[in-house]
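# Inside the fold
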Amino acid sequence: MSQAKEEDKVELKALVLADSFDELFQPLSLNKPRCLLPLCNVPMIEYTLEVLALSGVVETIILCKAHADKLVQYIKQSQWTRGHMQMKVVVRTVRQATTIGDALRAADEFSATISDFILCTGIVMSNINLSRLVAAHRANKKRDPNHIMTMLLQEATGSHRRHDLCDESVYFIEPGTSRLLALNSHPSVAHVRSTVIQSTVLTEHAEIEVRADLTDTNISICSPDVLALFTENFDYHIMRRDFIHGILESDILSKTIYAHVLEGTSAGYAASVTDTAAYDAISRDMIGRWTYPLCPDNNPSTGAEYSYHRGAVYKASSVRLDRQSRVEHHVILGANTHVANFSCISDSVLGQQCLIGEQSTVRGSYLFAGVKVGQNVAIEQSILGERVTVLDNVTIGRGCLIGDDVTIGPNITIPPFTRIAPNAAAEHDVGSGSAEADAQEQFDAQAVGAKGIGYVWADSTAENAGFDSDYDDEDNMELQLQRLHTIGSTVADANHAESDHDYDSHDEETNAHGLEDIKLTPQEEFERELHLTIKRACDEDLSPSKSALEIKSLRMSYNKEQDDMRAGVMQEVLRTIDIGSMAESAKRVMYKWAPVIEEYISDGRDQLDLMGILERYCALEDEIDDALRSRLFVRLVYLVYQLDIVEDVAIVAWFNRAEKKPAGEVHPELLRALQPVVDGLNESDDESEEESESD
């Protein structure tokens, strides 16, 4: 029997790297492995094991150093040790490992695998069957005996929220075979405007595909030669920077690597939680059901069950919401969580037994189990560990990471990108995946409030020993990169973190006419893309469902809130109305786009906001003749009412509020024109009440 046929019959194994050997999740991962942190209230390792089990893996070996005892205990108590499970899960401790390379050399020592295997981190999320990737890998081996690895890459443009802000990688791929010819990576903050590859890549290949829109999922299919190569080369520490670059650029090894690219959303979903920015992006994808069937109401663990509600809200059955509380959109509420009156939750995940006090706001944040939030608290795009207590009148800025058992407040503001831990960093062992022992942290009661308990960590440079950290940089650049690795960050944040530094390349940024390149802000870029998307939908007469899908993808790419999308979409839609044939054109446009507009209307507050958008457009749009503004406004209000986008009570409520606003805030002519419509709606309500009383 041929070696290829024998290999096809060998049971498939997987090697899972539980450690990343960086500090990007500190201090959240001080007391447990990163892979046991919750993602949408499920330990991240569960998603990894689920995709491996569904892909036909018979045995999974987890390589772990930091808090290995806790991972062993978790696996023993999990579903993976039950008799009916077809996949065996084993945890191997690699105590001496300080890098990914060390962990893989240890795996080679105990002969973890003798055939092709899946290599991934313990924090990957995917809804695809990896057996297809294994089959493609083996097919490539039959054609190319030197083939040792197939990388799984996901398409993600530079504006996509899952695109790594820290890394700019250019992949050179051979069309037809998908062989990876070269990989050039550099940190985005380095402002590199060129890429360098070996000349032989260009001279030996007639055609090359250059891709800068791909992200590494940290999932690969490997031959046993990969482990052997790590053992033979002790200078291989990091997967991409050392191993992959070393293979691609070596004139001696003659080994080859191939790429399998997931093109578009229809090809499937795969991503790795490499940092808290990726944690945020993948959580949003999961809540938005882009990872289906891996969704909160169909999670892989045996934890709490969730019911799905309008606006992508998932609630456990034991959740208690006070009458005047507000849960807006894209929210997960864990078991026994309580949200008090006049509080608002949006774009957030709350673990089990979380308590939110009155008049508090939680937006774009992740609260682990047992978090208690007092009254009049604002939490913005941050992650709070287990059992954190936030006392009254506290504001937590975006990008903050708060470790387990910390207390903050009262009456204090935590600046953006602050890290607070229950213990000083110097008290922890470096090798166990905790913070650097030589970090310059100090306890400051004023920084965490009069009753606060915790240590504020100063910015530390990001460790470059992770699975896909590809570069060594000066401290200043590393500080910028650390910001970009953090939830709530933007490129502007990295520039703000940068010390005063003048680049010598200023002249390169000036074009032949002596004018500097015009750079759009993220908001301007979003507005441009939205305009082009709606224009293309009109030009190509796309169906409402297809238009809605494109706009939803745009929202994901730019990480926009529902309020932003409602205003942007409505404004661009209204601009497609032909004022010359106003009545017919307005009707045609609104009927076509009604299904899309309804996507961004969840409740009465949204309806009031939509009325305000219509008023501002009719009052301020330059293209509208003054004589037509009132007629167009009334026509649009009638259409949104007729299409059941806005209810009559919302129209009346908006009108009554608008009448009370100071002069100049609302166009008086528009209000006068709408008065008969409001009177008619009120009369209709009165007649309905009289009929019900007579009955």
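Data block above holds the structure.
Residues numbered from 1 in each chain as written. Predicted model: local features only at pLDDT ≥ 70, side-chain atom pairs only at ≥ 80, totals over all residues. Heavy atoms only, no water.

### Overview of the overall build of the chain
Within the chain one finds 20 helices and 35 strands. Here the chain holds 695 residues, and the buried ones make up 54% of them. Sequence separation of at least 24 residues holds for 59% of the intrachain contacts in the chain that already meet a minimum separation of 6. Total accessible area on the chain is roughly 31200 Å²; 47% of this is exposed by carbon and sulfur atoms. (Helix = DSSP H or I, 4+ residues; strand = E, 2+ residues; numbered from the N terminus. Buried < 20%, exposed > 50% of the residue type's maximum accessible area, 1.4 Å probe, protein only. Contact = heavy atoms within 4.5 Å. Areas by Shrake-Rupley, 256 points an atom, 1.4 Å probe, with all protein chains shown as cover.)

### Here we look at unusual backbone geometry
Residue proline 27 is bonded to the preceding glutamine 26 through a cis peptide linkage, with omega at 5°. Note that proline 27 resides in the loop between strand 1 (13-17) and strand 2 (38-39). Cis geometry is found at the peptide bond from tyrosine 292 to proline 293, where omega equals 10°. The residue proline 293 is located in the loop between helix 9 (276-287) and strand 15 (306-309) in this model. Of note, the phi angle at asparagine 41 is positive, near 70°, even though the residue is not glycine. Within the secondary structure, asparagine 41 is located in the loop between strand 2 and strand 3 (42-43).

### Digging into the sheet that holds strand 28 (residues 383-384)
Overall, mixed pairing links the nine strands, which are arranged 15-16-19-22-25-28-31-34-35 in an open sheet. Where the open sheet ends on each side, the last strands, each with one partner, are strand 15 and strand 35 (455-457). Relative to strand 28, strand 25 (residues 366-367) runs parallel, the two being bridged by two bridges. Each residue of the ladder has a partner; that of leucine 367, found in strand 28, is leucine 384. (Pairing = 2+ DSSP bridges.)

### Points about the pairing of strand 1
For strand 1, a buried count of four out of five residues is recorded, marking the element as mostly surrounded by other parts of the structure. Two elements, strand 1 and strand 6 (residues 117-121), share five bridges in a ladder whose sense is parallel. Each bridged residue has a counterpart across the sheet, and for lysine 13 the counterpart in strand 6 is phenylalanine 117. Relative to strand 4 (residues 59-64), strand 1 runs parallel, the two being bridged by five bridges. Of the residues in strand 4, the one forming a bridge with valine 16 is isoleucine 62.

### Topic: the nonpolar core
Side chains of a nonpolar character, in soluble globular proteins, are inclined to be buried together. Residues Leu52, Ile62 and Ile118 are the most contacted members of the largest nonpolar core, which totals 91 residues. Broken down by element, the residue count for this core peaks at six residues, all from helix 2 (residues 44-54). Ranked by size, the runner-up nonpolar core spans 57 residues in total, among them Leu530, Tyr558, Met590 and Leu628. (Core = buried A, V, L, I, M, F, W, Y, C linked by side-chain atoms within 4.5 Å.)

### Brief notes about the packing of helix 14 (residues 544-558) against helix 16 (residues 582-598)
Packed helices, taken two at a time, are described by the angle between their axes plus the distance between the axes. Their axes nearest at 9 Å, the elements helix 14 and helix 16 cross at an angle of 45°. Between helix 14 and helix 16, the angle falls in the class oblique. Pair helix 14 / helix 16 crosses with right-handed handedness. In contact with Pro544, Ser547, Ala548 and Ile551 of helix 14, helix 16 contributes Lys592, Trp593, Pro595 and Val596. (Axes fitted to C-alpha atoms, helices over the stretch in contact; angles between N-to-C directions. Parallel < 35°, antiparallel > 145°, perpendicular 65-115°, else oblique. Left-handed = near helix turned anticlockwise from the far one by under 90°.)

### Regarding the sheet that holds strand 33 (residues 412-414)
One open sheet accounts for six strands, arranged 18-21-24-27-30-33; its pairing is parallel. Looking at which strands have only one partner, the edges of the open sheet turn out to be strand 18 (326-327) and strand 33. Examined bridge by bridge, strand 30 (residues 394-396) and strand 33 share three bridges and lie parallel to one another. Within the sheet, the bridge partner assigned to valine 394 lies in strand 33 and is isoleucine 412.

### Overview of a negative patch on the surface
Taken together, Glu598, Glu599, Asp644 and Glu647 make up a surface patch of like negative charges. Inspection of the secondary structure puts glutamate 599 in the loop between helix 16 and helix 17 (604-620). With relative accessibility at 43%, the residue glutamate 599 sits in the partly exposed group. (Patch = residues over 30% accessible without salt bridge, like charges linked within 9 Å, V, L, I, M, F, W, Y side chains within 5 Å. Salt bridge = Lys/Arg side-chain N within 4 Å of Asp/Glu carboxyl O. Lys, Arg positive; Asp, Glu negative; His and termini not counted. Charge placed at Lys NZ, Arg CZ, Asp CG, Glu CD.)

### With respect to the pattern of salt bridges
Applying the stated criterion across every chain, the model contains 35 salt bridges. Arginine 105 is the salt-bridge partner of aspartate 102, the closest N and O atoms lying 3.0 Å from each other. Of this pair, aspartate 102 and arginine 105 both sit in helix 4 (residues 100-109), three residues apart, which is roughly one turn of the helix. Taking relative accessible area as the criterion, arginine 105 reaches 5% and is therefore assigned buried. Aspartate 322 is the partner of arginine 320 in a salt bridge, and the nearest nitrogen-oxygen pair spans 3.6 Å.

### Some words on helix 14
For helix 14, spanning 15 residues, the distance from its first C-alpha to its last is 21 Å, which sits close to the expected 21 Å at 1.5 Å a residue. By the burial criterion, the buried members of helix 14 are Ser547, Ala548, Ile551, Leu554, Arg555, Met556, Ser557 and Tyr558. Where helix 14 is buried, its residues touch helix 9, helix 13 (522-539), helix 15 (562-574) and helix 16. Phi turns positive one or two residues past the end of helix 14, at asparagine 559, with a value near 55°. (Expected span 1.5 Å × (residues − 1).)

### What about the environment of alanine 14?
Relative to the helices and strands, alanine 14 is located in strand 1. Given the relative accessible area of 2%, alanine 14 is considered buried. For the pair formed by alanine 14 and serine 220, sequence separation is 206 residues and the distance between their alpha carbons is 9.9 Å. Leave out the neighbours within four places in its chain, and alanine 14 touches Leu52, Val57, Glu59, Thr60, Ile61 and Ile118.

### Description of helix 9
Compared with an ideal rise of 1.5 Å per residue, which puts twelve residues at 16 Å, helix 9 spans 16 Å between its outermost C-alpha atoms and is within 8% of the ideal. With eleven of its twelve residues buried, helix 9 lies for the most part within the structure. Every buried residue of helix 9 is listed here: Thr276, Ala278, Tyr279, Asp280, Ala281, Ile282, Ser283, Arg284, Asp285, Met286 and Ile287. Measuring from the backbone nitrogen of alanine 277 back to the side-chain oxygen at the start of helix 9 gives 3.2 Å, which picks out aspartate 275 as the cap. (Polar contact = N/O pair within 3.5 Å; in protein donor to acceptor, adjacent residues only side chain to side chain.)

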